[in-house]
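Understanding the architecture of this molecule
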Amino acid sequence: MKKIDFKDLIDFAETFIEINSKNILTKLSEYNTCIELIKNNYTPTVKDVNNIGDKDFKDAVVKRMCIQLQNYQRMPLALDYISYSYNPQNDKGEILNSNDSENEIFQYVINVIDNKTEIDQDSIYSEFKENYTEKEYKDGKYNFALKKYSKGIADFVEKIRNNNDYFSDIKTDCINLDNFAQEGNFSEIEKILKNFCKNIYYLNTTLSYDFFKELYCKNLIKPDVHIKEIFKKYIYKEEELPDDNTIAKDFISICKDITTTPYYADKILWLCCTGNFYEEGITIHKMTRRNFFKFIDNEISK
């Protein structure tokens, strides 16, 4: 299979999405096309880091971390996207959905931080285990994802308590990372990400890319398995892939050439490979990496 132009790849992705999701997604929104919906609904959490208040920014960081720490490999399968194991009710007797339960975890962590509650991995695990469930894999072996998740949360809280300027430092990191990405200064990006994920259980540089991408940095991507496979098959045409930082650098540089944001290109390629339109609460099962590659190959052969 020959290399293809990255702009053509993005065009193929947009067409693939429209073909497979148009009658589903456009019925759920005011947008006429799925691409219009993605461009408006799938954007970083913080629109302008310079003008956001301290509390709102802190909330955004904590909520993003609560989500990020369950994104490691098969972690979401075990945690069931942090949803309750039963139909929970709040104090008003209202049924909570999965988004509400996500907010419940976020609120618990915020309260721990604000009230300076003495906690460790075991106390957090006990709290979560009362209300959440670990899923059992098909092979019958339990994954201890909840305990691992609790360890990550405990490490995150500890890091905040050891640095009074933690959130202002993250805000500075957001600005610097977006600027460094535009400048192509990936040695500085790597330094920031390594320092950010240091001493937080299961957080690595790839997940740190994703954390800042989804929080604010529209010029970053997450060099995950989907991006790697796409680049291996259609961009590099090599058996051995470079490291994640090099893949991110190449991806971001290519986006400059075709005047699209790395965030948008990353997002639509990810959606093509997963079909997970999480903002709408819909998974389109026809949209998989395998089917996307078949579509591209057919388009190339025309």
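Analysis parameters
Residues numbered from 1 in each chain as written. Predicted model: local features only at pLDDT ≥ 70, side-chain atom pairs only at ≥ 80, totals over all residues. Heavy atoms only, no water. Helix = DSSP H or I, 4+ residues; strand = E, 2+ residues; numbered from the N terminus. Expected span 1.5 Å × (residues − 1). Buried < 20%, exposed > 50% of the residue type's maximum accessible area, 1.4 Å probe, protein only. Phe/Tyr/Trp six-rings, centres within 6.5 Å; stacked < 30°, edge-to-face > 60°. Lys NZ or Arg CZ within 6 Å of the ring centre and 35° of its normal. pLDDT = per-residue confidence, 0-100. Contact = heavy atoms within 4.5 Å. Salt bridge = Lys/Arg side-chain N within 4 Å of Asp/Glu carboxyl O. Core = buried A, V, L, I, M, F, W, Y, C linked by side-chain atoms within 4.5 Å. Polar contact = N/O pair within 3.5 Å; in protein donor to acceptor, adjacent residues only side chain to side chain.

Topic: helix H7 (residues 145–161)
In this model H7 runs 24 Å from its N-terminal to its C-terminal C-alpha over 17 residues, within 8% of the 24 Å that 1.5 Å per residue would give. Buried within H7 we find Ala145, Leu146, Tyr149, Ser150, Gly152, Ile153, Ala154, Asp155, Phe156, Val157 and Ile160.

Quick look at unusual backbone geometry
Located in the positive-phi region is lysine 116, a residue other than glycine, with phi close to 55°. For lysine 116, the position within the fold is in the loop between helix H5 (98–114) and helix H6 (121–131). Residue lysine 116 is classed as exposed on the basis of its relative accessible area of 67%.

Quick look at the packing of aromatic side chains
This model, assessed by the stated rule, comprises 17 aromatic pairs. Between phenylalanine 156 and tyrosine 166 the ring centres are 6.0 Å apart and the planes differ by 70°, which places this aromatic pair in the edge-to-face class. In this pair, phenylalanine 156 is assigned in helix H7 and tyrosine 166 in helix H8 (residues 166–183), connecting sequence segments ten residues apart. Accessibility expressed as a relative area gives 0% for phenylalanine 156, which makes it buried. Ring centres 4.7 Å apart and planes at 35° place the aromatic pair phenylalanine 196 and phenylalanine 211 in the tilted group. With phenylalanine 196 in helix H9 (residues 186–197) and phenylalanine 211 in helix H10 (residues 205–215), the pair connects residues that are 15 residues apart, well separated along the chain. Across the pair, phenylalanine 211 and phenylalanine 196 agree in class, each one buried. Pairwise contacts between aromatic rings join Phe16, Tyr234, Phe292, Phe293 and Phe295 into one cluster. Just above the ring of phenylalanine 106 sits the side chain of lysine 63; from NZ or CZ to the centre is 4.8 Å. The aromatic ring of tryptophan 270 is capped on one face by lysine 267, whose charged end is 5.6 Å from the ring centroid.

Quick word on the confidence of the model for the chain
Residues at a pLDDT of 70 or more form 84% of the chain, whose mean pLDDT is 84. Note on residues 81–99: pLDDT is under 50 here. Beyond four places in sequence and across chains, it has 33 contacts. Overall, residues 137–142 carries pLDDT values under 50, and its contacts beyond four positions in sequence, including any with other chains, amount to eight contacts.

Quick notes on helix H13 (residues 262–274)
Taking 1.5 Å of rise per residue, the 13 residues of H13 would be expected to cover 18 Å, and the 18 Å separating its terminal C-alpha atoms lies within 8% of that figure. The element H13 is extensively covered by neighbouring structure, given that eleven of its 13 residues are classed as buried. Those residues of H13 not exposed but buried are Pro262, Tyr263, Tyr264, Ala265, Asp266, Lys267, Ile268, Leu269, Leu271, Cys272 and Cys273.

A look at the pattern of salt bridges
Throughout the structure, instances matching the rule amount to 16 salt bridges. Among the salt bridges present, the one from lysine 171 reaches aspartate 54, with a minimum N-O distance of 3.8 Å. Pair noted here: lysine 171 is in helix H8 and aspartate 54 is in helix H3 (residues 54–68), with a separation of 117 residues, a long-range link. Looking at lysine 171, the relative accessible area reads 16%, which means it is buried. Members of the salt-bridge network, linked through shared partners, are Arg64, Asp210, Lys213, Glu214, Asp266 and Lys267.

Brief notes about the nonpolar core
Ranked by size, the top nonpolar core spans 96 residues in total, and within it Phe6, Ile17, Ile38, Phe212, Leu215, Leu269 and Phe292 carry the most contacts. With eight residues, the top contributor of residues to this core is helix H1 (residues 6–25). In contact with phenylalanine 292, not counting residues within four places along its chain, are Leu9, Phe12, Ala13, Phe16, Ile230, Leu269, Cys272 and Cys273.

A closer look at the environment of aspartate 120
For aspartate 120, the location among the structural elements is in the loop between H5 and H6. A distance of 3.1 Å separates a polar side-chain atom of aspartate 120 from the backbone nitrogen of aspartate 122.

Quick notes on the environment of glutamine 121
Inspection of the secondary structure puts glutamine 121 in helix H6. With a relative accessible area of 24%, glutamine 121 lands in the partly exposed category. Spatially, the C-alpha atom of glutamine 121 lies 8.2 Å from that of aspartate 155, the residues being 34 residues apart in sequence. Among all residues touching glutamine 121, those that are not within four sequence positions of it are Lys147, Ser150, Lys151 and Ala154.

Concerning the side chain of aspartate 266
The topology assignment puts aspartate 266 in helix H13. Judged by relative accessible area, aspartate 266 falls into the buried class, the value being 5%. In terms of polar contacts, aspartate 266 uses its side chain to reach the side chain of lysine 213, at 3.4 Å. Setting aside anything within four residues of it in sequence, one finds aspartate 266 in contact with Lys213, Ile221, Lys222, Ile227 and Phe251.

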